[in-house]
Amino acid sequence: VGATDVHLLPANRRETITMSGIPAAPYVGIEFAIGVDPPHNDNLSLSGGELHVLKNMTSDNGWMWMTSYVFTKMRGDVTNGREPIPIRWETGTNADFRTVKAAFSTPVTAGRERAARISFRVDVKKLFANLDPNRTPSIRAPQLGERTKLADSWANAFELVSGASP
């Protein structure tokens with residue numbers, strides 16, 4: 001993929017995550033991270049899971065900065081009745097690593113013999129709550145303040161829709 005080309009993943013890519021080996025128990029919530037844990041983010045030669053070259057994390061040169069992975073990448077044009085403003089926003093340093101926690105309204109039982117289904121919605125409008133694309137059309141590694149706002153916005157954009165034990 002060239003520097004000006006767009007690398008698109010299939011629509012169903014990474015929308016569903018299946019986990020196995022979970023101890024059988026009732027769970028009251030879930031916690032997950034947005035980003036790459038510091039040991040892997042600090043050493044681009046470590047791979048595995050989603051960081052494997054065949055999982056699209058390293059095959060597109062736009063997925064890495066010089067010293068870390070890009071955690072989030074947002075590309076598009078914003079229009080407000082004016083000329084489109086191209087935005088290019090990224091996060092990726094260890095300071096951008098975020099943890100999202102969500103409590104279930106009732107405990108969810110999961111385990112070897114029992115599957116659970118947990119659904120989230122991502123509200124993309126929340127990415128614009130603290131950032132104005134008119135003033136900040138680009139966010140890259142050197143922009144600590146803007147990256148912090150974007151990383152916080154990503155963490156706040158996740159909303160638990162449901163957690164159920166079928």
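What you see is a predicted model, and the numbers here were worked out from it, not measured in a lab.

(A) Fine view of the pattern of salt bridges. A full pass over the atoms with the stated rule returns seven salt bridges. A salt bridge links glutamate 31 to lysine 101; the nearest nitrogen and oxygen atoms lie 4.0 Å apart. With glutamate 31 in strand β1 (residues 25-34) and lysine 101 in strand β4 (residues 98-110), this residue pair connects regions lying 70 residues apart in the sequence. Across the pair, exposure class does not vary: glutamate 31 and lysine 101 are exposed alike. With its nearest N and O atoms 3.1 Å apart, the salt bridge here joins arginine 140 to glutamate 90. Here glutamate 90 lies in strand β3 (residues 85-91) and arginine 140 lies in the loop between β6 (138-139) and α2 (144-157), a separation of 50 residues in the sequence. On the basis of relative accessible area, glutamate 90 is assigned to the buried category, the value being 2%.

(B) Focus on the sheet that holds β3. Judged by pairing direction, the sheet is mixed, and its three strands sit side by side in the order β2-β3-β6 without closing on themselves. Only two strands of the sheet have a single partner each, and these edge strands are β2 (72-78) and β6. As paired strands, β3 and β6 are joined by two bridges and run parallel to one another. Opposite arginine 88, over in β6, you have serine 138 as the bridge partner. Packed onto the sheet, α2 meets β2, β3 and β6 and runs at close to 80° relative to β3.

Cut-offs applied
- Residues numbered from 1 in each chain as written.
- Predicted model: local features only at pLDDT ≥ 70, side-chain atom pairs only at ≥ 80, totals over all residues.
- Heavy atoms only, no water.
- Salt bridge = Lys/Arg side-chain N within 4 Å of Asp/Glu carboxyl O.
- Helix = DSSP H or I, 4+ residues; strand = E, 2+ residues; numbered from the N terminus.
- Buried < 20%, exposed > 50% of the residue type's maximum accessible area, 1.4 Å probe, protein only.
- Pairing = 2+ DSSP bridges.
- Contact = heavy atoms within 4.5 Å.
- Axes fitted to C-alpha atoms, helices over the stretch in contact; angles between N-to-C directions.

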